[in-house]
Each structure stands twice: as C-alpha cells, then as structure tokens.
Amino acid sequence: MNKVEASAPGKLMLFGEHSVVYGYPSIVTAVGQRIFVEVQEKNDDKFSVIAPEQGVDDYTKSIAHLGDDSVPRAVVFLEFLYKRFIEQYPKACGVQVTTRSEFSSQFGFGSSSAVTVAFAKALSELFEIKITKNELFQLCYKTVIDVQNIGSGFDLASAIWGGTIYYVKPAKIVQYLTSEEPPLVVGYTGIKADTTRLVRMVEQEKKNNPMKITKIFEEITRIVELAKTEIIAQNWLQVGRLMTENQLLLEELGVSSPELQTLIQASNSAGAFGAKLSGAGGGDCMIAVSSAITKSTIERNIEKANGQVLRVHTNAVGTKLERVHDL
Ligand code: MEV
C-alpha cells in the first residue's frame with residue numbers, strides 16, 4: 001500500500017476581485033505558506049480524514065455514500081473532491097487522508113482551494129494518473145461549485161500554477177507575469193470575511209443597478225490591464241498606485257470595511273506605494289506595496305492600528321509532490 005504527500009500554496013488576490021466572478025481578468029500571487037495532504041491506500045471501502053487544524057480527529061465515511069447526508073464543513077471539500085475523483089477515475093479504493101496547514105483558515109489565504117488542489121494532486125500521484133494542470137483545475141473547480149455553487153476559481157488556479165498569474169475564469173487564460181516576488185506587506189484585520197455573503201451582495205447590487213456595477217467592473221478591468229504591464233516591468237511604485245485606484249472602486253462597490261480602511265491608511269501614511277483589500281472584503285487581509293526602506297515602518301504602523309502583520313513570501317511555486325513512501 002502506497003502513501004503519497006502533496007502540497008499547494010495559499011494565495012493573495014492582487015487585482016480584480018469580484019469582477020473576476022463575471023469573466024473579467026484578475027491578478028493573483030501564490031504565498032509561501034502551504035497546505036500538505038498525505039494520502040494512503042487502504043484495504044477497505046472507507047474514506048477517512050484526520051485534519052488536526054480543523055479539529056477533525058477521525059472522520060470516516062463509506063465510499064458508496066460520499067456526499068450524502070450533511071457533510072461537516074471541515075471535510076466537505078475533501079469529500080466532494082474524492083467523490084468527483086472516483087467518478088472520473090473509477091479505480092480508486094479506501095483512503096486515509098491527513099492534512100497539515102502552515103496558515104490559519106481565518107486569514108483568507110484560500111485554505112479550501114489549497115487543500116482541494118493538494119488532495120487532487122496527491123490522488124493523481126497515488127494512483128499514477130497522468131493529469132495536466134488544466135485537468136486538475138477542472139476537477140477541483142467542479143468540486144468547488146458542488147460545495148459552494150459560486151466562485152471564479154482564481155484561488156484554485158493560484159494553488160495549481162503558483163507564481164503571480166493573470167487569470168480569466170475558468171482558467172480560460174492563465175499567464176505567468178514575473179519571476180520576482182511582488183514586495184507586499186500583509187495586514188490581517190482579525191475578522192473572517194464572509195465571501196459567499198459578499199459575492200451574493202454584489203450579485204444583488206448588479207441586478208438592482210447593472211449600469212453602475214458594470215462601469216465599476218470595467219474600470220477595475222482597465223486597472224488590471226495596466227497592473228499586468230507594470231508587474232511584468234517590475235515597476236512596483238506604479239503597481240502600488242494602481243492598488244490604491246482598485247481600492248477606491250472596491251469601496252464604491254461597498255465591500256471594504258472600517259478595519260480594512262484603517263490598515264490601508266496606516267500603510268499609506270507610512271510610505272506604502274499603495275494599498276488595498278485582498279479577497280472578498282469585509283475583513284480578512286489588506287496588502288500594501290512597500291520598498292525595502294518603507295517595509296518595517298509600514299509593518300509597525302499596521303500593528304499600531306491593531307492589525308496583525310503576516311510575513312509571507314509571494315510568487316511561490318504551485319502544487320507539487322512532496323513525498324512518496326512505498327510501504
Ligand atoms: C474572493 O477571495 C474573491 C472573489 O472575487 C470571489 C471569487 O473570485 O471567487 C470575491
């Protein structure tokens with residue numbers, strides 16, 4: 001019986017949140033903190049999970065009943081992924097799944113996407129199935145839609161491809177932009193964003209006020225295109241300024257929050273090139289573009305403003321095989 005471990009990185013949205021859901025482009029970078037998923041074949045027909053960071057000691061379900069009844073939140077992406085996987089590749093058997101995370105699921109780094117991708121990668125390695133990045137994406141994207149019914153899949157693409165990518169859903173365009181790490185300071189508000197609520201809110205607003213929201217999305221898209229050019233040129237001063245412009249549009253969209261604004265202002269007054277919320281809004285993290293000189297002052301100001309600084313590397317590698325044990 002073989003045992004395989006794969007990993008996938010978390011992410012930070014740099015430009016284009018919300019509009020990306022409607023087919024407009026976005027830019028996302030993978031972070032250095034990863035989620036690891038180990039999978040071992042078993043001689044039974046059971047799907048079992050140990051996920052210590054999620055408080056799951058030993059969750060077991062028969063493979064024939066995957067997705068049935070109410071599935072606990074902590075294992076829902078894993079369970080639906082395995083259901084999809086064995087529909088597509090019917091040679092699967094019982095598995096023991098163990099997860100380990102280098103970041104809290106509270107930060108908005110995309111822990112659900114990273115765990116889904118790392119599990120899919122581990123399964124393809126365990127069962128020696130040749131699978132392209134695009135096929136991996138499609139499998140994971142179906143799972144995310146099964147579970148939450150919405151999402152652009154940008155976080156899955158980031159977990160799969162890594163780096164800093166220009167993304168149009170559903171992985172219609174994935175383009176690497178730079179080999180350099182975007183120089184970011186990340187401030188966590190301490191508040192968990194409710195992504196589904198915010199996406200639904202924007203959806204409702206788009207129904208009520210289509211002209212206004214479409215205009216905001218088109219403006220965001222103009223910024224995404226400019227940011228793409230500036231990231232390729234590694235012109236971080238301009239990238240920062242464009243983040244500030246993107247933030248103003250997100251405020252107009254109604255997805256910012258007082259806590260995010262406070263940390264953004266704290267960064268800008270400490271000399272950041274620019275700053276914005278990252279992700280759905282309403283909480284989670286903000287990002288600021290810094291120079292080597294301003295970085296520590298920005299970090300200190302974020303902490304003085306009651307934010308938590310999360311030290312991350314950006315432009316991290318995408319999902320990869322970590323270990324194979326021939327038992
Ligand atoms: C959430 O991190 C980003 C959104 O654009 C939703 C999505 O792209 O799925 C708000």
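Scroll up for the structure.
Residues numbered from 1 in each chain as written. Predicted model: local features only at pLDDT ≥ 70, side-chain atom pairs only at ≥ 80, totals over all residues. Heavy atoms only, no water.

### A few points about the overall build of the chain
- Looking only at helices and strands, one finds nine helices and twelve strands in the chain.
- The globule rule puts the C-alpha radius of gyration for 327 residues at 20 Å, and the 20 Å found for the chain is close to it.
- For the chain, the residues scored as buried account for 56% of the 327 residues in total.
- Of the contacts formed within the chain by residues at least 6 apart in sequence, a portion of 73% connects residues at least 24 apart.
- For the chain, the accessible area works out to roughly 13600 Å², and carbon and sulfur atoms hold 49% of it. (Helix = DSSP H or I, 4+ residues; strand = E, 2+ residues; numbered from the N terminus. Rg over C-alpha atoms; globule rule 2.2 N^0.38 Å. Buried < 20%, exposed > 50% of the residue type's maximum accessible area, 1.4 Å probe, protein only. Contact = heavy atoms within 4.5 Å. Areas by Shrake-Rupley, 256 points an atom, 1.4 Å probe, with all protein chains shown as cover.)

### Description of empty space enclosed by the protein
- Considering all chains together, one arrives at one cavity of 30 Å³ or more under this definition.
- One number sums up the size of the largest cavity: a volume of about 40 Å³.
- Every residue lining the largest cavity is listed: Leu 184, Val 185, Val 186, Lys 295, Glu 299, Val 309, Leu 310, Arg 311 and Val 312.
- At the level of elements, β8 (184-188), α9 (295-304) and β11 (308-310) are the ones that each hand at least two residues to the lining of the largest cavity.
- When residues of the lining of the largest cavity are assigned to their parent elements, the largest contribution, three residues, is made by β8.
- Looking at the lining of the largest cavity residue by residue, the classes come out as six nonpolar, no polar and three charged. (1 Å grid on protein atoms, 1.4 Å probe; cavity = no way out; pocket = protein on both sides within 12 Å on 5 of 7 lines; lining within 4 Å. Points joined across faces, edges and corners; volume = space filled by probe spheres on them. Nonpolar A, V, L, I, M, F, W, Y, C, P; charged D, E, K, R; others polar.)

### Observations regarding the packing of helix α5 (residues 195-208) against helix α6 (residues 210-232)
- With their axes 5 Å apart at the nearest point, α5 and α6 run at an angle of 120° to one another. What the angle tells us is that α5 and α6 run oblique. On the side of α5, the interface is formed by Val 202, Glu 205, Lys 206, Lys 207 and Asn 208, while α6 contributes Pro 210, Lys 212, Ile 213, Thr 214 and Phe 217.
- Partitioning the contact of α5 with α6 into residue classes produces four nonpolar, two polar and four charged. (Axes fitted to C-alpha atoms, helices over the stretch in contact; angles between N-to-C directions. Parallel < 35°, antiparallel > 145°, perpendicular 65-115°, else oblique.)

### Some details on the environment of Leu 253
- When you line up the elements, Leu 253 lands in helix α7 (residues 236-253).
- Sequence separation of Leu 253 and Lys 3 is 250 residues, and the distance between their C-alpha atoms is 47 Å.
- If we skip the residues at most four places from it in the chain, Leu 253 touches His 18, Met 201, Val 202, Ile 213, Ile 216 and Phe 217.

### Thoughts on the site of the ligand
- Around the ligand, the structure places Lys 11, Glu 17, His 18, Val 20, Val 21, Gly 151, Ser 152, Phe 154, Thr 195, Val 199, Gly 279 and Ala 280.
- With respect to the ligand, the backbone of His 18 contributes an N or O atom lying 2.9 Å from an oxygen atom.
- Taking Ser 152, its side chain carries an N or O atom lying 2.6 Å from an oxygen atom of the ligand.
- For the ligand, the protein covers 93% of the area, taking 300 Å² as the surface of the free molecule.
- When its residues are assigned to classes, the shell around the ligand shows five nonpolar, five polar and two charged. (Near = heavy atom within 4 Å. Polar contact = N/O pair within 3.5 Å; in protein donor to acceptor, adjacent residues only side chain to side chain.)

### Details of the packing of aromatic side chains
- Tallied over the full model, the rule gives 14 aromatic pairs.
- For the pair Phe 107 and Phe 109, a centre-to-centre distance of 5.6 Å together with 65° between the ring planes defines the contact as edge-to-face. For the pair Phe 107 and Phe 109, a shared accessibility class is recorded, and that class is buried.
- Every member of this aromatic cluster is reached through a ring pair, and the members are Phe 47, Tyr 82, Phe 85, Tyr 89, Phe 119 and Phe 127. (Phe/Tyr/Trp six-rings, centres within 6.5 Å; stacked < 30°, edge-to-face > 60°.)

### A closer look at the side chain of Gln 247
- Assignment of secondary structure puts Gln 247 in helix α7.
- Residue class for Gln 247 comes out buried when judged on its relative accessible area of 2%.
- Within polar-contact distance, the side chain of Gln 247 engages the side chain of Ser 256 at 3.1 Å.
- At 3.2 Å, the side chain of Gln 247 and the side chain of Gln 261 are in polar contact.

### Concerning the sheet that holds β8
- Strand order in the open sheet formed by four strands is β9-β10-β8-β11, and the pairing between neighbours is antiparallel. Of all strands in the sheet, those bounded by a partner on one side alone are β9 (274-278) and β11. When the angles between neighbouring strand axes are averaged without regard to direction, this sheet yields 30°.
- Pairing of β9 with strand β10 (residues 285-289) involves five bridges; the strand directions are antiparallel. (Pairing = 2+ DSSP bridges.)

### Digging into the nonpolar core
- Ranked by size, the top nonpolar core spans 107 residues in total, and within it Phe 15, Phe 47, Tyr 82, Phe 109 and Phe 119 carry the most contacts.
- Counting residues per element, this core draws most heavily on helix α2 (residues 111-126), at nine residues.
- When neighbours within four sequence positions are excluded, Phe 109 is seen to be in contact with Gly 10, Lys 11, Leu 12, Val 31, Phe 103, Val 186, Cys 285, Leu 310 and Val 312. (Core = buried A, V, L, I, M, F, W, Y, C linked by side-chain atoms within 4.5 Å.)

### Remarks on the layout of surface pockets
- Of the volumes computed, that of the largest pocket is approximately 1000 Å³.
- Looking at the lining of the largest pocket, the elements that each hand over two or more residues are β1 (2-15), α1 (76-88), β5 (94-101), α2, α3 (133-148), α4 (154-161) and α5.
- Of the residues forming the lining of the largest pocket, the biggest block, four residues, is contributed by α2.
- The class makeup of the residues in the lining of the largest pocket is 19 nonpolar, 19 polar and nine charged.
- Of the pockets and cavities examined, the second largest pocket occupies roughly 270 Å³.
- If you trace the second largest pocket, you find 13 residues lining it, with Lys 121, Ser 124, Glu 125, Ile 129 and Ile 131 closest to the centre.
- Mapped onto the lining of the second largest pocket, the elements with two or more residues apiece are α2 and α3.
- The element best represented in the lining of the second largest pocket is α2, accounting for three residues.
- Of the residues contributing to the lining of the second largest pocket, the split by class is five nonpolar, three polar and five charged.

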